[in-house]
Amino acid sequence: MIPPPSPHAIAAMVVTVAMFVGFVRGRMSTEIVSLLTIAVIAVGLYFFPLEGTNPTDGLVLAFAGFGHYALITICALMVMGRGLVVTGALEPAARFLEGVFKYNLQVGLLVSLIIAFVLSMGINNTPVLVLLIPIFVTLAARGALPASKALIPLNAASLIGGVATTIGTSTNILVVSIAVDLGMDRMGVFHFTPIVLVAGAVALPYLWLVMPRLLKDNRVEAEHQERRFTTRLRIGEDSSLVGTELSDMIPRLPKEVEFIDPPKGKLDGQQRLLLSGTHEGIEEAMRTLQGEIAPTWVIDRIHRQATEKKLDIAVVEMAITADSRLITRTLPSSGIADLYGVAVIGIHRPERLVGEAEKYSEGGDLRMREGDVLLVMGLPDNLQEFARTDSLLMLEGMRELPRRSKAWLAAGIMGGTIGLASIGLIPIAIAALAGAILMFVTGCVKFDRVGRALSAQVIVLIAASIAIGRIIDESGAADWLGLVLAYGLQFLTPAMVLATIMIFVTFLTNFASNATAATVGTPIAFSIANQLGLPPEPLVLAVLFGCNLCYATPIAYQTNMLIMAEGSYEFKDYIRTGVPLVILMVGTLSFLLVMTYDM
């Protein structure tokens, strides 16, 4: 006879279900539901403390998540990811994947899924996701696959890859260690890899073709069409493009870049090309054609001053007003660079002015008019002085340019962090904290920019999930559920026993934590094997696999929460995409275990 659960266990299960319902219904924000969950646990345990504890111990349990190593680790990883983005360290990798995605979006996603799967077999999947997230956010900004359609499939691929070896995730190591303590022989690194490889091959079409279609495009649409700027690009004397034809280079340029009266024949050093495009398109054209759009001495001075003053270089759009002295002047005759130390990247002419007689200087430079919009680069103080003195109206908030001089430094810090964590030399939490501190000390990330790297939604969600996991464990709810499971399994076939254990552990890992699922599930699997006369190894593997089927909720695993902010996901996005994958993996893995162990 199964004893009834304790009042605290019943309350813990009720609070967990209520939090789940609140997330799914979506009537309140994730932050509010998370904070309410923490508040209910804190108040409930204060007035009705757990047996053998004081009222204040309940407050410690409820709020401990805000100081938990998992939260600190994720915040540190977010800071490091921000460092890779703001320094432009990931641009080479992003351009490579962008080329693959330009060839074919589906092929690009398939290649990315395979990379995530393979890397996670030998490296903890958290660093793998930390590397891939900024790359796909950058790709999305360049018009490739939206990050919201790629990050959940990538996360799932890395989680499946992590299951393939005993060192792929910390949960695998924990389950194997507990099993050894209970008397089972230690499993080798690739002991169950063939099973996971087959299951991964079965799941791959779902990750690749179905999952992205279940996810919305969460990109924020611009309120207006992105402005196109006209500029002149000068080919340097030392450019490798000298002697080549422009027509050969056009396919390598962004689609939005257009040449006005393109020259025929081979390019010469110092040749000036008139082109138009968005800011990002012009920057890509500069890199590809190895040219300059402003005098070299101005660009050098801006970079030198930025280094000396430890300031970021910014780009801002400014409209020419009726009082500006720039009207009828050209860029060379305006003296902007000499007077203010800023560089004008291009000029945008609004549609209402297009069609009027364009006025050019003898040198072919466009004369500015009221209403024209300048794209200007420089240090913030110099940009402010330029706008104030020459009667210009700032239209857009300043956008900081990547600090490319620190790109290799940021990449080195990230590489060192991942390397130390992957080989197990130091814990991922310590490695991530050390990496984040180095990002601050070296100037890759600035202290006053930390808020842009962190997500309040993710922080309170992690804190709430940790509180839920602890109350389920310490109230005895997890143990009681295990007793119910063990009682019911005696009437099932071996295949159904494996599937049920896996589903039970999957439930625990998605609503409590994978550590709780491992510590509760592994002894239960051993006990059931002894009671039913089954070999313990397949049941232990069912626990191990179930602990890693954490796709159905954002609170199930730290990488689920890591991608939540970047993909602008809601709780129901994880349920919609994760539940079918859990069902697919449970069915496939159960069948493979039965076949492998001849049960």
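Here the residue index of a chain counts from 1 through its sequence in written order. Only residues with pLDDT of at least 70 get local features here, since the model is predicted, and only at 80 or more are side-chain atom pairs given and counted; chain-wide, interface and lining totals rely on the full set of residues. Side-chain descriptors were evaluated using all non-hydrogen atoms of the structure, hydrogens and water having been removed beforehand.

With respect to the overall build of the chain
Helix numbers and strand numbers start at the N terminus; a helix is a DSSP run of H or I with at least 4 residues, a strand a run of E with at least 2. Each helix and strand counted, the chain has 26 helices and 9 strands in total. Along the first, second and third principal axes, the C-alpha atoms of the chain reach 100 × 55 × 45 Å. Think of it in three bands: residues with accessible area under 20% of the maximum for their type are buried, residues over 50% are exposed, and the middle band is partly exposed, with areas taken using a 1.4 Å probe on protein chains only. In the chain, buried positions account for 52% of the 599 residues. In this analysis, two residues are considered to be in contact whenever any of their non-hydrogen atoms come within 4.5 Å of each other. Sequence separation of at least 24 residues holds for 78% of the intrachain contacts in the chain that already meet a minimum separation of 6. Note on areas: these come from Shrake-Rupley sampling with a 1.4 Å probe, and a residue is covered only by the protein chains present in the view. Total accessible area on the chain stands at roughly 26800 Å², and carbon and sulfur atoms take up 62% of it. Charge separation in the chain, taken as the distance between the mean sites of 43 positive and 50 negative side-chain charges, equals 4 Å. Counted as positive: Lys and Arg. Counted as negative: Asp and Glu. His and the chain ends are not counted at all. For charged residues, the charge sits on one atom: NZ in Lys, CZ in Arg, CG in Asp, CD in Glu.

Details of the environment of glycine 200
When you line up the elements, glycine 200 lands in helix 10 (residues 193-214). With a relative accessible area of 13%, glycine 200 lands in the buried category. Linking glycine 200 and leucine 110, residues 90 residues apart in sequence, is a C-alpha distance of 13 Å. If we ignore the near neighbours within four places in the chain, the residues touching glycine 200 are Phe117 and Ile160.

Quick look at a nonpolar patch on the surface
Candidates for patches are residues over 30% relative accessible area with no salt bridge; among them, like charges are joined within 9 Å and nonpolar side chains (Val, Leu, Ile, Met, Phe, Trp, Tyr) within 5 Å. We define a salt bridge as a contact between a side-chain nitrogen of Lys or Arg and a carboxyl oxygen of Asp or Glu at a distance within 4 Å. Together, Leu35, Val43, Tyr46, Phe47, Phe48, Leu59, Phe63 and Phe66 make up a nonpolar patch on the protein surface, roughly 800 Å² of accessible area in all. If you list the elements that add at least two residues to the nonpolar patch, you get helix 2 (30-47) and helix 3 (55-63). Ranked by residue count, the leading element in the nonpolar patch is helix 2, at 4 residues. Summarising the element assignment, phenylalanine 66 is placed in the loop between helix 3 and helix 4 (69-86). Exposure remark for phenylalanine 66: the relative accessible area of 33% places this residue in the partly exposed category.

Regarding helix 20 (residues 456-474)
In this scheme, a helix's expected span is set at 1.5 Å multiplied by one less than its residue total. With 19 residues, helix 20 should reach 27 Å at 1.5 Å per residue; the first-to-last C-alpha distance of 27 Å fits that figure. Among the 19 residues in helix 20, 14 count as buried, and that is most of the element. In the stretch just after helix 20, glycine 476 is the one whose phi turns positive, near 90°.

With respect to the confidence of the model for the chain
Counting all residues, the mean pLDDT for the chain is 81, and 90% of those residues have values of 70 or more. What pLDDT reports is the predictor's confidence in each residue, on a scale of 0 through 100. The least confident element of the chain, judged by mean pLDDT, is helix 19 (residues 450-453) at 67; the most confident is helix 10 at 94.

Regarding empty space enclosed by the protein
Here a cavity denotes grid points, spaced 1 Å and computed from the protein atoms alone, that fit a 1.4 Å probe unable to get out, and a pocket denotes an open set having protein on both sides within 12 Å along at least 5 of 7 lines; residues with an atom within 4 Å of a point are the lining. Grid points are joined across faces, edges and corners, and a volume is the space filled by probe spheres set on the points. All told, the structure shown has 1 cavity of 30 Å³ or more when counted by the stated rule. Here the largest cavity is characterised by a volume of approximately 60 Å³. Forming the boundary of the largest cavity are Ile152, Asn155, Ala156, Met211, Cys550, Tyr551, Tyr574, Thr577 and Gly578. Three categories are distinguished: nonpolar for Ala, Val, Leu, Ile, Met, Phe, Trp, Tyr, Cys and Pro, charged for Asp, Glu, Lys and Arg, and polar for the others, with Gly belonging to the last. For the lining of the largest cavity, the residue count by class is 6 nonpolar, 3 polar and no charged.

A look at the side chain of threonine 559
Here threonine 559 is to be found in helix 25 (residues 558-566). Taking the relative accessible area as the measure of exposure, threonine 559 reaches 0% and is therefore buried. What qualifies as a polar contact is a pair of N or O atoms within 3.5 Å, subject to a donor-acceptor requirement within protein and to the restriction that residues adjacent in sequence count only when both atoms come from side chains. One polar contact links threonine 559 to asparagine 155, side chain to side chain, over a distance of 2.7 Å.

Observations regarding the nonpolar core
As used in this record, nonpolar core signifies buried Ala, Val, Leu, Ile, Met, Phe, Trp, Tyr and Cys residues forming a set joined through side-chain atoms within 4.5 Å. Formed by 139 residues in total, the largest nonpolar core has its most connected members in Phe136 and Phe545. At 11 residues, helix 26 (residues 571-597) tops the list of elements feeding residues into this core. Counting 32 residues, the second-largest nonpolar core is a separate cluster that includes Ile235, Ile293, Val298 and Val373.

Focus on the pairing of strand 7 (residues 373-378)
Where burial is concerned, most of strand 7 is hidden: 6 out of the 6 residues are buried. Alternating positions in strand 7 separate into two faces, Val373, Leu375 and Met377 on one and Leu374, Val376 and Gly378 on the other, with burial throughout. When DSSP finds two or more bridges between a pair of strands, those strands are recorded as paired. Pairing between strand 6 (residues 343-348) and strand 7: 5 bridges, direction antiparallel. Each residue of the ladder has a partner; that of valine 344, found in strand 7, is valine 376.

Quick word on the pattern of salt bridges
Using the criterion set out here, one finds 6 salt bridges in the structure. As a salt-bridge pair, arginine 576 and aspartate 573 come within 2.4 Å of each other at their nearest N and O atoms. Pair noted here: arginine 576 and aspartate 573 are both in helix 26, with a separation of 3 residues, about one helical turn. Residue aspartate 573 is classed as buried on the basis of its relative accessible area, which comes to 2%.

Quick word on the environment of glycine 188
Its place among the elements puts glycine 188 in the loop between helix 9 (170-181) and helix 10. In the structure, glycine 188 is positioned 153 residues away from glycine 341 in sequence and 63 Å away in space, judged by C-alpha atoms.

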